[in-house]
Every structure is written in C-alpha cells, then in structure tokens.
There are 2 protein chains.
Amino acid sequence: MKKIDVCYSPELINQFDLTDRCIVVIDILRATSCMVAGLGSGVESITPVATVEECEALGTQGYVMAGERGGQKLPQFDIGNSPFDYMKREFRGKRIAATTTNGTRCIELSKGGSEIVIGAFLNLSAVVNHLKDQSRNVLLFCAGWKGRFNLEDSLFAGAVCYSLRNDFELESDAAIGALAMYNSMKVDITAAISNSDHAKRLGRFGIQKDIQYCSRIDEFETIPTLVSDRLVINS
Amino acid sequence: MKKIDVCYSPELINQFDLTDRCIVVIDILRATSCMVAGLGSGVESITPVATVEECEALGTQGYVMAGERGGQKLPQFDIGNSPFDYMKREFRGKRIAATTTNGTRCIELSKGGSEIVIGAFLNLSAVVNHLKDQSRNVLLFCAGWKGRFNLEDSLFAGAVCYSLRNDFELESDAAIGALAMYNSMKVDITAAISNSDHAKRLGRFGIQKDIQYCSRIDEFETIPTLVSDRLVINS
C-alpha cells in the first residue's frame, strides 16, 4: 500500500526522505490558492520567485508581476496576492511571476521529490484523484507561517488524508494527527480557517473575501505542477 | 487572560519566547510518565542526564541509575525506563539519575522559562490545576520523537488545552490544532496512543503494559518541578 505523510513546517522537512515521493505543497492563505485559481482560469504559467528583484527581472521580459509585502500589493507590481487578481480575464494566456516567501521556499525545499504539485481547497478532489492514480508515496508539505505550524494548511493535509484513508497507509503520527484535526473541524472548515492566526492577521487588511474564497472546495480541477522553475497545468 | 501555547517538537522551540513562561515538558512514552510515577511513589528526586557516563558518575554517588538504549535496560543500570520500575518500594526516599535523550534535551531547552514542570496523563488534573492557580502564560512543550511530531505528547497538550479552554486564551494555531486532535480522539485516548508510532516501536519490546499505564489519567497529584538540575515534588 502506498504511504502518505504530513510535514507541518519547512523547519521539519529535513526529517523526511523526499526521494521518489510526490510532494504536495500547501499554502492555503494564499499562495497555493492563487496558483490554482490562476492556472485554473487560463493563466499560462506561474513562476514562483523569492525576491522582489527576481520578480522585476521577469517583469522586464513581459511577465505579469504579482506579490505583496506585509499583506499589501507593491506599488510597482501588477497584482497582489489575492486569488481574485489571478482570475482576471486579462491574464488568460499570460505568464505570471509571483513573489511568495513561504510558498517559494517550500517549492525549493521540495526539489528532492519526484513530482511537485500544488494543493489548495480549491482543487482538493483533483489532487486527491491524482494521488490515487499515481504510484508514489506522498508527502503533504504545509508551508506554515514563518516556520510555525498553521491551521489552514494542516486542515487541508487532514482533508487529503481523510479522502485517501482507504487507499494509503497513514505513515506517521503527523498524518494521524492531521486526520484527527480535520475530523474535529470538518463540519465547518470555513469557520475554522476564519479563526486561524493567519486569517486574523490578514483580516486586519480587510480581505475576508479572500479567506472565504480560499476555503471553498473544488472550484477547479486544475493541478499546478512544477516543470523546471514554473508551475503549469498537469495534463 | 493568560495565554497557552503548544510546541510540537524541540526543533520548533526557537519560535517561542520562553521568558516569564511556565513550561510543561511532555514525553508521555515514557520519560515524563516515569518522573510522575516515581516522585508520586516516594522517590526523593530525579536528575535527568543526557549520557550514560553522566548517569554512571551519579551512580558512584549513590544514585539509582535508570535508563535504556534502544528500548532495553543497560546491563550496568539498576532500572530501565518503565514507570513500574520507578514505583518500586525499594526506591522510596532515593535519588534517581535518569538518562533520557528526548526528555533531558527538552528540559535543557526549557531553561529560559520561569518555571519548568513535568506533565503526563498520570498527573493531568494536578498540572491543569497548577496552571490555573499560577499567574504566568504557559507553553506546553512536546518532546516528540527524534524531533518529529508525535501523537501521545500532542494529545496530552490537547487535553490540557481542553481543560483550560475557559481560563486561558489559545495563543496560536498549534494550540487550536492540539485541542482539535484531542476532541477527535478523547473518547479513547488509550486506543489512540496504542496506535501511535512510538507505541508501535515500543510494542516490539513487549511493553504494552507500560503503554496502557502511561495513558491512565490522574493516578497521582504529584507535579515534578525542576529545582536546579533535579526534579522534585512541587509543594
């Protein structure tokens, strides 16, 4: 039986052997939700970068520049870090360069794996079905926040474990714990996420709309997959 | 309102400000359960040490030497790492030197805090009442296993959060997550712990009896507290 495990923070990723794994990177608020929403709405590719400078360099090559610092869009950028930005009609067929600190770091740290895909509530069932159909063991990699455990990413990991509990062996206590958290909170995931630390921080910038949207399930069947240094639709 | 937070692994302890905190060190299988059982049964003090050599040095001073490596008692030691060893009548009034890798490390890492106490299911209510009665913010510090998240320590943290949910603010997602795990599994904590990674590893050495005992609640009212380098009863 294939195995599935959960890493709660980039600070713990060294405890996992990524070799021959399928890694699902999870940063629900809001990096991976944006990636799913964007590619699911016709964006051609999303290139995650760590710094503003890298993003600007790609901007000179015609990329749409996306990103925030401290929860606010940078003035020289085209869009911020809201999934609604990524879904705009004008970006269909475009390439986006996105600065995300957590998200980019996790994608970098995942590069020992055999396949790197992007998970969010917005594409939950698509991710689950893909994991069933492929043959590798799986690691659900929560981006957390500044290295800390966070609720929304862990709940998503728990939702995936729940959906795959008959197809995969829960490999460690972390997977069992994520499933238990999900079982305890699944009656109202939106409420749980709205009470998370991250939502409270983001709430200060008045983006409850984003938080509500990022907790919606199965808006897209898109599975963003890392190919070289860009995310594209897995097909 | 006082705050309570949870650290799931020694690898994450740097994310917490320990200043003026009461730290509860948790290593259910089996270090902190042994400490509670021993001091609750009349042992005078328990000195946690990291290495076999330190333990032997204290042995020459008349300490009872306790410890295991790879789940087995060391031949030159008096007792292993079972709570039943610590409760033997012959050790009443004795000082024990105990080698525990995880437990000792966590106690060392806790030394920035104002008070360091030892928690286990065996003294759950005593710990809860103590935390209510004292004035500091609290950190529940799970020893984990080799730096990894583990279920039994996290469930104990969740049980404390559950008991204190009206007296303390759950400070972060980690505390909310621990509470959710506990809520999901509280109907049968013994079964949950028996299915944990650690129990499965220990089970290979045929110590189901220890695991069952370590999941018993409120066998003692003892709160082991660190004073200098030894654990004694808080009085």
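Residues numbered from 1 in each chain as written. Chains lettered and ligands numbered in written order. Predicted model: local features only at pLDDT ≥ 70, side-chain atom pairs only at ≥ 80, totals over all residues. Heavy atoms only, no water.

J.: Residues and numbers for the overall build of chain A, please.
T.: For chain A, the helix and strand inventory stands at 10 helices and 11 strands. In terms of overall size, chain A behaves like a compact globule, its C-alpha atoms giving a radius of gyration of 16 Å where 235 residues would be expected to give roughly 18 Å. With respect to the principal axes defined by its C-alpha atoms, chain A has extents near 50 × 35 × 30 Å. Burial status across chain A gives 60% buried among its 235 residues. Considering only contacts in chain A between residues 6 or more positions apart, those separated by 24 or more positions represent 77%. Approximately 9,100 Å² of chain A is accessible, and the part contributed by carbon and sulfur atoms is 45%. When the 25 basic and 29 acidic side-chain charges of chain A are each reduced to a single mean position, those positions are 4 Å apart. (Helix = DSSP H or I, 4+ residues; strand = E, 2+ residues; numbered from the N terminus. Rg over C-alpha atoms; globule rule 2.2 N^0.38 Å. Buried < 20%, exposed > 50% of the residue type's maximum accessible area, 1.4 Å probe, protein only. Contact = heavy atoms within 4.5 Å. Areas by Shrake-Rupley, 256 points an atom, 1.4 Å probe, with all protein chains shown as cover. Lys, Arg positive; Asp, Glu negative; His and termini not counted. Charge placed at Lys NZ, Arg CZ, Asp CG, Glu CD.)

J.: Requested: an account of the interface of chain B and chain A, with residues and values cited.
T.: Chain B puts 28 residues into the contact, and the matching count from chain A is 28 residues. Where chain B abuts chain A, roughly 2,100 Å² becomes buried across the two surfaces, and 58% of that area is made up of carbon and sulfur atoms. Considering only the surface of chain B that becomes buried against chain A, Gln15, Arg148 and Asp173 of chain B emerge as the three largest contributors, covering 31% of it. Counting the contacts that link chain B with chain A gives two salt bridges. A salt bridge links Arg148 of chain B to Asp5 of chain A; its shortest N-O distance comes to 3.2 Å. Counting across the chain B and chain A interface gives 12 residue pairs in polar contact (both at pLDDT 80 or more). Elements with a minimum of two residues in the side of chain B that touches chain A: helix H6 (151–163) and helix H7 (173–185) of chain B. By residue class, the composition of the side of chain B that touches chain A is 10 nonpolar, 10 polar and eight charged. (Buried area = accessible area lost by both parts, 1.4 Å probe. Salt bridge = Lys/Arg side-chain N within 4 Å of Asp/Glu carboxyl O. Polar contact = N/O pair within 3.5 Å; in protein donor to acceptor, adjacent residues only side chain to side chain. Nonpolar A, V, L, I, M, F, W, Y, C, P; charged D, E, K, R; others polar.)

J.: Before we move on, could you go through the relation of the copies chain B and chain A and cite the residues and values that matter?
T.: The transform that puts chain B on chain A rotates by 180 degrees and translates by 0.0 Å along the axis, for an RMSD of 0.0 Å. The transformation relating the two chain copies, once decomposed into turn and shift, fits a two-fold axis. The share of interface residues of chain B whose copies in chain A are also at the interface is 100%, consistent with both copies meeting through the same surface. (Least-squares fit on C-alpha atoms with pLDDT ≥ 70 in both.)

J.: How would you explain helix H4 (residues 101–109) of chain A if you had to name every residue and give the values?
T.: Taken together, the buried positions of H4 of chain A are occupied by Asn102, Gly103, Thr104, Cys106 and Ile107 of chain A. Its side-chain oxygen 3.5 Å from the backbone nitrogen of Gly103 of chain A, Thr100 of chain A forms the N-cap of H4 of chain A.

J.: Which residues make up the state of the cysteines, and what values do they have?
T.: Going through the model one piece at a time under the given rule, you end up with zero disulfides over all chains. For the unlinked cysteine Cys142 of chain A, the closest cysteine sulfur is that of Cys7 of chain A, found at 7.3 Å. (Disulfide = S-S within 2.5 Å.)

J.: Which residues make up the side chain of Asp197 of chain A, and what values go with them?
T.: Mapped onto the fold, Asp197 of chain A is located in helix H9 (residues 197–203). For the buried Asp197 of chain A, which has no salt bridge, the nearest side chain bearing the opposite charge is Lys200 of chain A, at an N-O separation of 4.7 Å. Not counting residues within four places of it along the chain, the set of residues in contact with Asp197 of chain A comprises Glu171, Ser172 and Asp173 of chain B.

J.: Describe the nonpolar core, naming the residues involved and giving the relevant values.
T.: Formed by 161 residues in total, the largest nonpolar core has its most connected members in Val6, Leu131 and Leu140 of chain A together with Val6, Leu131 and Leu140 of chain B. Aside from chain neighbours lying at most four places away, what touches Leu131 of chain A is Lys2, Cys22, Val24, Val138, Leu140, Val160, Leu164 and Phe168 of chain A. (Core = buried A, V, L, I, M, F, W, Y, C linked by side-chain atoms within 4.5 Å.)

J.: So what's going on with the pairing of strand S4 (residues 64–69) of chain A? Which residues, and what values?
T.: Residues and elements named next belong to chain A. The element S4 is largely enclosed, with a buried count of five among its six residues. Where S4 meets strand S6 (residues 95–99), four bridges bridge the pair, whose relative direction is parallel. Within S6, the position partnered with Met65 by the bridge is Ala97. Pairing of S4 with strand S5 (residues 72–73), which is carried by two bridges, proceeds in the antiparallel orientation. (Pairing = 2+ DSSP bridges.)

J.: So what's going on with the confidence of the model for chain A? Which residues, and what values?
T.: For chain A, per-residue confidence averages 94 on the pLDDT scale, and 100% of positions sit at 70 or higher. The ipTM value of the predicted complex is 0.93, and its pTM value is 0.95. (pLDDT = per-residue confidence, 0-100.)

J.: Lay out the pattern of salt bridges in plain terms, naming residues and giving numbers.
T.: Tallying each qualifying case throughout the model produces 20 salt bridges over all chains. Glu108 of chain A is the partner of Lys111 of chain A in a salt bridge, and the nearest nitrogen-oxygen pair spans 3.0 Å. For Lys111 of chain A, a relative accessible area of 37% corresponds to the partly exposed category. Residue class for Glu108 of chain A comes out partly exposed when judged on its relative accessible area of 48%. Between Arg30 of chain B and Asp210 of chain B there is a salt bridge; the shortest N-O distance is 2.8 Å. Here Arg30 of chain B, found in the loop between strand S2 (21–26) and helix H1 (31–40), pairs with Asp210 of chain B, found in helix H10 (residues 208–214); they are 180 residues apart in sequence, far enough to count as distant. In this pair, the class of Arg30 of chain B matches that of Asp210 of chain B, namely buried. What emerges from the salt-bridge pattern is a single network uniting Arg30, Glu68 and Asp210 of chain A.

J.: I'd like a description of the packing of aromatic side chains, backed by residues and values.
T.: A full pass over the atoms with the stated rule returns 11 aromatic pairs over all chains. Where Phe121 of chain B meets Phe156 of chain B, the ring centres are 5.3 Å apart and the plane angle is 90 degrees; that geometry is what we call edge-to-face. Of this pair, Phe121 of chain B sits in the loop between strand S7 (115–119) and helix H5 (124–133) while Phe156 of chain B sits in helix H6, and the two are 35 residues apart along the sequence. Just as Phe121 of chain B is buried, Phe156 of chain B falls in that class too. Within the aromatic cluster, the residues linked to one another by ring pairs are Tyr8 and Phe149 of chain A together with Tyr8 and Phe149 of chain B. The ring of Tyr63 of chain A has Arg95 of chain A lying over it, and the distance from NZ or CZ to the ring centre is 4.4 Å. (Phe/Tyr/Trp six-rings, centres within 6.5 Å; stacked < 30°, edge-to-face > 60°. Lys NZ or Arg CZ within 6 Å of the ring centre and 35° of its normal.)

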